[in-house]
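Observations on the model geometry
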Amino acid sequence: MITLSGRRARILAATTATAGLVLVAGCTSSGSGGKTSAGGVDVVKAGRLTTCTHLPYPPFQSEIDGRVQGFDVALVDLVAKDLGVKQQILDTPFENFKTGAFLNSGRCDLAAAGMTITPERKKNVDFSDPYFNATQAVLVDRKSGAASFADLKAKGRKLGAQAQTTGEDYAKKRGFDPISFESSDALLNGLRTGQVQGVVIDYPVVQGWLKDKANAGAFKVVDNLDTGEQYGFTVKKGNTKLRAAINKAIADAKADGTYKKLYERWIGPYDAAAASPSAS
């Protein structure tokens, strides 16, 4: 879903059920064939479930008060707890999610990045069961005069999208030539500064932006596009044990109400349709 080219990889310790968040210096040097966790799943670093992500992408993962937090982070924390380890986050460029490079090289155990399940990505990684149904929102400057996604094009307004995302792909397929921004923060700033008059990005991200009164006063949603997207976590191809552990944690969270609580905390009012995608 997201990319930030050229950013140096860094490790961040995410919130777990038993520990707070702290910034951890340095990069992982673990190779493949790591230690075995108490849960019977091989991990690349003893006592840790190392998660590749790409920051920021609120409400799924972002640094808040020096801590990496969000919906994806909280769900993976549940997996880590089941395995008897703590989650550690490695912030990486998005390109490695498409190729599975950091999973294959033993840098990470899994990837969690608000990532849409696509046939292209399935060629290189194995996805968990889908855990979230996503739609694309079209957010415009209230002064733009645009009343819909198509209206932006008809009136010659500039459209922005986050680089290498499904939102950018969707816009291109519909005849737009969107201006690419390297992160969701940069995309929002482009809208604020008038570089673009509208943006297309995952609706939960827009929901988070509009919680800010200044954003809500300046911008409005004119379209919510059902593109049939589902999010999943990824593991190295053939890592059936970790994939099964992730699927179990997702299913258990939905069964015992934990998923609903996390959804309401990080995303907003509970939407059963978005929260209960069928397995792919």
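Before any of the text, the structure's been laid out above.
One structure accompanies this document, and this report is about it.

How each quantity is defined
- Residues numbered from 1 in each chain as written.
- Predicted model: local features only at pLDDT ≥ 70, side-chain atom pairs only at ≥ 80, totals over all residues.
- Heavy atoms only, no water.
- Helix = DSSP H or I, 4+ residues; strand = E, 2+ residues; numbered from the N terminus.
- Expected span 1.5 Å × (residues − 1).
- Buried < 20%, exposed > 50% of the residue type's maximum accessible area, 1.4 Å probe, protein only.
- Contact = heavy atoms within 4.5 Å.
- Pairing = 2+ DSSP bridges.
- Axes fitted to C-alpha atoms, helices over the stretch in contact; angles between N-to-C directions.
- Parallel < 35°, antiparallel > 145°, perpendicular 65-115°, else oblique.
- Left-handed = near helix turned anticlockwise from the far one by under 90°.
- Nonpolar A, V, L, I, M, F, W, Y, C, P; charged D, E, K, R; others polar.
- Core = buried A, V, L, I, M, F, W, Y, C linked by side-chain atoms within 4.5 Å.
- Disulfide = S-S within 2.5 Å.

What follows deals with helix α10 (residues 240–256). Taking 1.5 Å as the rise per residue, α10 with 17 residues should run 24 Å; its terminal C-alpha atoms sit 24 Å apart, in good agreement. Residues Leu242, Ala245, Ile246, Asn247, Ala249, Ile250 and Ala253 constitute the buried set of α10. Elements that come into contact with the buried residues of α10 comprise β3 (48–53), α1 (71–83), β7 (110–111), β14 (234–236) and α11 (258–266). Two residues or fewer after α10 comes Gly257, characterised by a positive phi angle close to 90°.

Before going further, it helps to spend a moment on the pairing of strand β12 (residues 198–202). Of all 5 residues in β12, 5 are buried; the element is thus mostly enclosed. For strand β9 (residues 132–141) and β12, the ladder comprises 5 bridges, and the chain directions are antiparallel. Following the sheet pairing, Leu139 is matched in β12 by Val199. Across 3 bridges, strand β10 (residues 159–162) lies against β12 in parallel orientation. Across the sheet, the residue bridging to Leu159 is Gly198, located in β12.

Here the focus is the pairing of strand β6 (residues 86–91). The element β6 is largely enclosed, with a buried count of 5 among its 6 residues. Pairing of β3 with β6, which is carried by 6 bridges, proceeds in the parallel orientation. Residue pairing across strands places Thr51 opposite Ile89, the latter belonging to β6.

Turning to the packing of α1 against α10, a few remarks are in order. The contact between α1 and α10 brings their axes to 9 Å, and the two run at 115°. The angle between α1 and α10 places the two elements in the roughly perpendicular class. Note that α1 runs across α10; the crossing there is right-handed. Contacts between α1 and α10 involve Leu78, Val79, Asp82 and Leu83 from the former and Leu242, Ala245, Ile246, Ala249 and Ala253 from the latter. Split into classes, the residues belonging to the contact of α1 with α10 amount to 8 nonpolar, no polar and 1 charged.

Further remarks concern the nonpolar core. Ranked by internal contacts, the top residues of the largest apolar core, which has 45 residues, are Leu49, Phe71, Phe132, Trp209, Phe233 and Leu242. Breaking this core down by element, the ones donating at least two residues are α1, β9, α7 (184–192), β12, α8 (203–209), β13 (219–231), α10 and α11. Looking at this core element by element, the count peaks at 7 residues for α1.

Below, the discussion takes up the state of the cysteines. A covalent bond between the sulfur atoms of two cysteines is what we call a disulfide. Throughout the structure, instances matching the rule amount to 1 disulfide. At a sulfur-sulfur separation of 2.1 Å, the disulfide partner of Cys52 is Cys108. As the torsion about the S-S bond is roughly 70°, the Cys52-Cys108 disulfide counts as right-handed. Note that Cys52 is positioned in strand β3 and Cys108 in the loop between α3 (101–104) and β7, a separation of 56 residues in sequence. When sorted by exposure, Cys52 lands in the same class as Cys108, which is buried.

If you trace the backbone, Leu110 turns up in strand β7. Of the residues examined, Leu110 reaches a relative accessible area of 0% and is grouped as buried. Apart from the residues within four sequence positions on either side, Leu110 is in contact with Leu49, Thr50, Thr51, Cys52, Val76, Leu103, Phe233, Thr234, Val235, Leu242 and Ile246.

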